[in-house]
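Listed below are the residues making up each chain.
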Amino acid sequence: MVTPEEKNPNRKFVDNAVLQLLEESNSLSIALEKRKINNWSLDDTYILILLNEIKQSALYQKYMQNKKSSFEEDKEFVVEMFTELIAPNEKLYEYLEDNKLTWVDDIPVVNTQILKQLKQISEKDEFRVTKLYKDQEDQEFVSLLFKKTVLNEVDLAKEYIDKTPNWDAERIAELDTIILKMAICEFLKFPSIPVKVTINEYLEIAKEYSTPKSSIFINGILDNLIKEFQNEDKIKKTGRGLIQN
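None of these values were measured; they are calculated from a predicted model.

Remarks on helix α12 (residues 174-189)
Each full turn of the α-helix corresponds to 3.6 residues, which orients residues three or four apart in the same direction.
Phase 1: Compared with the 22 Å implied by 1.5 Å per residue over 16 residues, the 22 Å span of α12 between its first and last C-alpha is a close match.
Phase 2: Along α12, the positions that sit buried rather than exposed are D176, T177, I179, L180, K181, A183, I184, C185, E186 and F187.
Phase 3: If you follow the buried residues of α12, they end up packed against α10 (136-151), α11 (153-161), α13 (195-209) and α14 (214-231).

Digging into unusual backbone geometry
Phase 1: The phi dihedral of K36 falls on the positive side, at around 55 degrees, and the residue is not glycine.
Phase 2: By the element assignment, K36 lies in the loop between α3 (26-34) and α4 (39-42).
Phase 3: Residue classification places K36 among the exposed residues on the basis of a relative accessible area of 70%.
Phase 4: Despite not being glycine, D233 shows a phi value in the positive range, around 60 degrees.
Phase 5: Locating D233 in the fold gives a position in the segment after α14.
Phase 6: Residue class for D233 comes out partly exposed when judged on its relative accessible area of 47%.

Overview of the pattern of salt bridges
Phase 1: Using the criterion set out here, one finds 8 salt bridges in the structure.
Phase 2: Between R128 and E126 there is a salt bridge; the shortest N-O distance is 3.9 Å.
Phase 3: When its relative accessible area of 56% is taken as the criterion, R128 is described as exposed.
Phase 4: For E232, the salt bridge goes to K234, with nearest N and O atoms at 3.6 Å.
Phase 5: Overall, E232 belongs to the partly exposed group, its relative accessible area being 44%.
Phase 6: The partly exposed category is assigned to K234, whose relative accessible area is 34%.
Phase 7: Overlapping salt bridges bring together E159, E232 and K234 as one network.

Some details on the packing of aromatic side chains
Phase 1: This model, assessed by the stated rule, comprises 5 aromatic pairs.
Phase 2: Centre to centre, the rings of F13 and Y60 are 5.5 Å apart; their planes meet at 75 degrees, and the pair counts as edge-to-face. One end of the pair, F13, is in the loop between α1 (4-7) and α2 (17-24); the other, Y60, is in helix α6 (residues 58-65), and 47 residues separate them in sequence. Here F13 matches Y60 in class, with each residue buried.
Phase 3: Here the aromatic rings of Y63 and F77 are separated by 4.0 Å at their centres, their planes lie at 10 degrees, and the arrangement is stacked.

A look at the packing of α13 against α14
Phase 1: Orientation of α13 relative to α14, taken along the N-to-C sense of each, is 160 degrees, at an axis distance of 9 Å. By the angle between their axes, α13 is roughly antiparallel relative to α14. α14 is crossed by α13, and the crossing has right-handed handedness. For the pair α13 and α14, contact is made by V195, I199, L203, A206 and K207 and by S214, S215, I218, N219, L222, D223 and I226, respectively.
Phase 2: The residue makeup of the contact of α13 with α14, split by class, is 7 nonpolar, 3 polar and 2 charged.

Some points on the nonpolar core
One recurring pattern in soluble globular proteins is that nonpolar side chains are buried together.
Phase 1: Of all hydrophobic cores here, the largest spans 26 residues; its most connected members are I218 and L222.
Phase 2: Of all the elements in the fold, those that place two or more residues in this core are α11, α12, α13 and α14.
Phase 3: A per-element tally of this core places α14 first, with 7 residues.
Phase 4: If near-sequence neighbours (up to four positions away) are discounted, I218 is found in contact with D176, I179, L180, L203 and A206.
Phase 5: Membership of the second largest hydrophobic core comes to 19 residues, among which are L59, Y63, F82 and I121.

Criteria and cut-off values
- Residues numbered from 1 in each chain as written.
- Predicted model: local features only at pLDDT ≥ 70, side-chain atom pairs only at ≥ 80, totals over all residues.
- Heavy atoms only, no water.
- Helix = DSSP H or I, 4+ residues; strand = E, 2+ residues; numbered from the N terminus.
- Expected span 1.5 Å × (residues − 1).
- Buried < 20%, exposed > 50% of the residue type's maximum accessible area, 1.4 Å probe, protein only.
- Contact = heavy atoms within 4.5 Å.
- Salt bridge = Lys/Arg side-chain N within 4 Å of Asp/Glu carboxyl O.
- Phe/Tyr/Trp six-rings, centres within 6.5 Å; stacked < 30°, edge-to-face > 60°.
- Axes fitted to C-alpha atoms, helices over the stretch in contact; angles between N-to-C directions.
- Parallel < 35°, antiparallel > 145°, perpendicular 65-115°, else oblique.
- Left-handed = near helix turned anticlockwise from the far one by under 90°.
- Nonpolar A, V, L, I, M, F, W, Y, C, P; charged D, E, K, R; others polar.
- Core = buried A, V, L, I, M, F, W, Y, C linked by side-chain atoms within 4.5 Å.

Here it is, written out as structure tokens:
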């Protein structure tokens, strides 16, 4: 015997306007294909785990009880679903960690960006995937910084290696050595980047990704190097509005 509910199932979740926008987004489809992201089809077990947890949640039950729909209500539900159920899901976290270890660091940044985009979704505009780089110039800078740091790695290391008398070179965190080399590379080989900007950027990176004492260690080394470079006239900065001190 077919029940009335089975004859006329509640399609509110399936017809959610925001989920439909994501499904129909050309930008998202192109990004998935271009980056060869097929996890949903290869590992659909995890999708079913997430879906089951969503359906069992109080958030879902409350959403489905209201028969009427509006775009704002649909968006609020999707935002809360991602924030409360998807982003903190341990199974999803374990899956991402197993497939790519660096996701341990990337997940908070990615989740924050996804949440920001979900909140900005508009009924009138197509959903578009955020670009990895701000523009072509930004992408070229990252590539150039990487190449110059790698190609000059030995010489860059020589600049700071004897400035750490109280630190055994083998005990310095590997990430700290990378940060130092990149910062020194910007000092010496990128004349348009102010010294203060370089120092501030790399101290933030050290605080986020390295050891608790790394930012203090790196700041001390860079401060000493700046004085030395300026005394030896090694730093040649150009451009408007550059303040070195």
